[in-house]
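# Structural features, examined
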Amino acid sequence: MNQSKTIKFQGHEYFDDRLFVLYLCKGKVDPESEGLIATTIYHDSAPEEYIWCVVTYRNYNRYPLYRIDSFYNKDDAIAYIKTIEPETPLISLGGKPPQKPLSYEDYVAWKKKNNLRDYDWKSLYTDGGSSAREIIYQTREQFKGVK
């Protein structure tokens, strides 16, 4: 997982100062069924027809899902990451985002300097498995649509 020294905040042991980590992956949104919309995110192989997902996970054990944003275009998903990631709330700021966020390039340098790791899906799956994926069910109100 991330760093060996964790930070206790609001009853959880966070891997580092960040409350959330973002993850870019391929996904598929399935039509509504029984009032729910299913988004499948693929970690290692995706079907031919896919969209891009930016998944926000809480930065502690088992990486609980916080939200998922879906995009038709990879460039749009990356632009979203570059806008949102530097605004990640930090424990050192009492769980609030920085008042003056770093540029994305400076944020990436800050992560590297502090040896902060991104979401590691492989740590959650058994070695030797294949077709690692998650299925997230959301209500129509929770689903943010595909941008």
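Residues numbered from 1 in each chain as written. Predicted model: local features only at pLDDT ≥ 70, side-chain atom pairs only at ≥ 80, totals over all residues. Heavy atoms only, no water.

A word on the overall build of the chain. Counting its secondary structure elements, the chain contains two helices and seven strands. Ordered by position from the N terminus, the helices and strands of the chain form the series β-β-β-β-β-β-α-α-β. Over its C-alpha atoms the chain spans a radius of gyration of 16 Å, differing by no more than 12% from the 15 Å that the globule rule assigns to 147 residues. In terms of its C-alpha atoms, the chain occupies a principal-axis envelope of roughly 40 × 35 × 25 Å. Approximately 9,000 Å² of the chain is accessible, and the part contributed by carbon and sulfur atoms is 48%. (Helix = DSSP H or I, 4+ residues; strand = E, 2+ residues; numbered from the N terminus. Rg over C-alpha atoms; globule rule 2.2 N^0.38 Å. Areas by Shrake-Rupley, 256 points an atom, 1.4 Å probe, with all protein chains shown as cover.)

Attention now moves to the packing of aromatic side chains. The final tally for this structure, using the stated rule, is twelve aromatic pairs. Consider the rings of F15 and Y63, whose centres lie 5.3 Å apart with planes at 50°: the pair is tilted. Highlighted residues: F15 in the loop between β2 (12–14) and β3 (20–33) and Y63 in the loop between β5 (51–58) and β6 (65–71), separated in sequence by 48 residues. Given the relative accessible area of 2%, Y63 is considered buried. (Phe/Tyr/Trp six-rings, centres within 6.5 Å; stacked < 30°, edge-to-face > 60°. Buried < 20%, exposed > 50% of the residue type's maximum accessible area, 1.4 Å probe, protein only.)

What follows is about the pattern of salt bridges. Evaluation of the coordinates by the stated rule reveals seven salt bridges. Between K147 and D69 there is a salt bridge; the shortest N-O distance is 2.8 Å. Here the residue K147 occupies a position in the segment after β7 (133–139), and D69 occupies one in strand β6, the gap between them amounting to 78 residues. What makes D69 buried here is its relative accessible area of 0%. In this structure, a network of salt bridges that share partners links the residues D16, R18, E85, K111 and D118. (Salt bridge = Lys/Arg side-chain N within 4 Å of Asp/Glu carboxyl O.)

What follows is about the nonpolar core. Judged by nonpolar contacts, the single largest core of 16 residues is most densely connected at Y23, I41, C53, V55, Y57, Y63 and Y119. Elements with a contribution of two residues or more to this core: β3 and β5. When residues in this core are grouped by element, the largest group, four residues, is from β5. In terms of nonpolar packing, the next biggest core, distinct from the first, is built from seven residues, W52, V54, F71 and A77 among them. (Core = buried A, V, L, I, M, F, W, Y, C linked by side-chain atoms within 4.5 Å.)

If you walk across this open sheet you meet the five strands as β6-β5-β3-β4-β7, and the pairing is antiparallel. Each of the sheet's edge strands pairs with one partner strand only, and the pair in question is β6 and β7. Mean inter-strand twist for the sheet, computed between neighbouring axes without regard to direction, equals 35°. In this sheet, β6 lies alongside β5 in antiparallel orientation, the contact comprising six bridges. Note that in β6 the partner of W52 across the bridge is F71. Of the strands in this sheet, β3, β5 and β6 touch helix α1 (residues 74–84), which is tilted by about 135° from β3. (Pairing = 2+ DSSP bridges. Axes fitted to C-alpha atoms, helices over the stretch in contact; angles between N-to-C directions. Contact = heavy atoms within 4.5 Å.)

Interpretation note: all reported values are geometric properties and have no functional meaning in isolation.
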